[in-house]
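# Architecture and fold: a report
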Amino acid sequence: MAEMWINIGPSHPSTHGLWDLRIKVSGEVIVDSDPQVGYLHRSVEKILERKEFVMGMPITERLCYVANMNWTHLYIHAIERLMNLEVPDRAKYIRVIVCELNRIASHLFWLGAYVHDIGNLTMFLWPIREREYVLDLLEYLTGARMMYNYPRIGGQVKDVDDKFLRRSKIVCDMINERTNTYERFLDENTPWHVRTKGVGVIDKAMAKNAGLTGPSLRASGVDFDVRKATPYWAYDRVDFEVPVYDEGDCWARYRVRLEEIRESCKIVRQAIDNLPAGDFLGKAPRVAPKTTAWVRHEDPRGESMCFVMGTGAKNPYRVKFRSPAFVNISALPLMLLGFKVPDVPGIMGSIDVCIGEVDR
């Protein structure tokens, strides 16, 4: 049978961003694929190298508008390590709270988009509706709907109050209940099973060799989470489980994220209950030494990293980010091989693509 290349993108609803997935098909069967990125490059790292440390945070907010609280905290954490700066305990707990709320919002946004990709239009707006409650919380705290600009070198720009903490618990309880509804709706849905189970399979060895991280890695049976492996802030003071599934298919990647929503709610509650008194912002220098530092975080999409090199001045000499979505996209050819064209949106969406962080 004759083979041909088909372009899905660079502007296509299923890609969820400006990139091109080229697939080679023999009839309906995918025999090869080639992800093409680079359509959205904005030189974020070079812009950061020309700005003072305190002026770089609005730029990192744009790396991924769905998980921007996590990305900005990653950059701030790298600068603090470069400056050998210790953050107050209260600030560490606040960071855990806001980053986990951001993780919940990110997973809810992914779920709403993913069910739509697969054709389940009924549930499309349900997770988006719940995400709005999380955005309301972060807007109340930061004053911004999506681009929060909340962390500062040494802590946070403002403290949390009792109203925010009380509302956060209420929202987490509500999201836990609604997550049970999603679970019943999808787990008992035969078309959902057909479109996700046994589709886009990547086993444990292949996932590790491909460099997968985050939910996509844990769905292939690898028990690894940066928050557990190398705890930062207050993650070593809260109790949570790392969801792991062995199937390595689209179903497992969906299940891992659903469980992570519940675990993040659990983390938020514990961090609120154990929130210490004290300062929320420490005193930070404006100049960094001539040395290097790097940190790794558990982003909603996987393991994110930031490398920073100081110049002895107010700006970095070099900034480099490691995007988990970039690496996860590179593993798509392994997941797509042997499956059919209608499976592409489900497989592609299951890794939770964010092109903003890919094309930095």
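For the structure, see preceding data.
Reading the values: rules and limits
- Residues numbered from 1 in each chain as written.
- Predicted model: local features only at pLDDT ≥ 70, side-chain atom pairs only at ≥ 80, totals over all residues.
- Heavy atoms only, no water.
- Salt bridge = Lys/Arg side-chain N within 4 Å of Asp/Glu carboxyl O.
- Helix = DSSP H or I, 4+ residues; strand = E, 2+ residues; numbered from the N terminus.
- Buried < 20%, exposed > 50% of the residue type's maximum accessible area, 1.4 Å probe, protein only.
- Contact = heavy atoms within 4.5 Å.
- Disulfide = S-S within 2.5 Å.
- Pairing = 2+ DSSP bridges.
- Patch = residues over 30% accessible without salt bridge, like charges linked within 9 Å, V, L, I, M, F, W, Y side chains within 5 Å.
- Areas by Shrake-Rupley, 256 points an atom, 1.4 Å probe, with all protein chains shown as cover.
- Axes fitted to C-alpha atoms, helices over the stretch in contact; angles between N-to-C directions.
- Parallel < 35°, antiparallel > 145°, perpendicular 65-115°, else oblique.
- Left-handed = near helix turned anticlockwise from the far one by under 90°.
- Nonpolar A, V, L, I, M, F, W, Y, C, P; charged D, E, K, R; others polar.

## Some remarks on the pattern of salt bridges
All told, the structure shown has 33 salt bridges when counted by the stated rule. Residue Lys-266 pairs with Glu-263 through a salt bridge whose shortest N-O separation is 3.1 Å. Taken together, the residues span about one helical turn, with Lys-266 and Glu-263 both in helix α11 (residues 250–273) at a distance of three residues. For Lys-266, a relative accessible area of 28% puts it in the partly exposed group.

## Overview of the environment of Glu-260
As for its position among the elements, Glu-260 is in helix α11. With 99 residues separating them along the chain, Glu-260 and Asp-359 place their C-alpha atoms 26 Å apart. Setting aside its immediate chain neighbours within four residues, Glu-260 contacts His-107, Pro-215, Arg-218 and Pro-243.

## A few points about the state of the cysteines
Applying the stated criterion across every chain yields a total of zero disulfides. No disulfide involves Cys-250; its sulfur sits 19 Å from that of Cys-354, the nearest cysteine. Look at Cys-250 and you get buried, because its relative accessible area is 0%.

## A word on the pairing of strand β6 (residues 292–299)
Here eight bridges tie β6 to strand β7 (residues 302–309), and the two strands are oriented antiparallel to one another. What sits directly across from Asp-299, in β7, is Gly-302. The hairpin formed by β6 and β7 contains two residues between the paired strands.

## Quick look at a nonpolar patch on the surface
On the surface, Leu-18, Tyr-39 and Leu-40 cluster together to form a nonpolar patch covering roughly 230 Å² of accessible area. Topologically, Leu-18 is positioned in the loop between β1 (3–8) and β2 (20–26). Overall, Leu-18 belongs to the partly exposed group, its relative accessible area being 31%.

## Here's the deal with the packing of helix α4 (residues 89–118) against helix α5 (residues 125–142)
Contact geometry of α4 with α5 gives a least axis separation of 8 Å together with a crossing angle of 155°. The orientation of α4 relative to α5 falls into the category roughly antiparallel. Crossing handedness for the pair α4 and α5: left-handed. Here Val-98, Leu-101, Ile-104, Ala-105, Leu-108, Phe-109, Leu-111 and Gly-112 of α4 come into contact with α5, specifically with Pro-127, Ile-128, Glu-130, Arg-131, Val-134, Leu-137, Leu-138 and Leu-141. Class assignment of the residues belonging to the contact of α4 with α5 gives a composition of 13 nonpolar, one polar and two charged.

Note that every value here comes from positions in space, so none of it alone points to a role or purpose.
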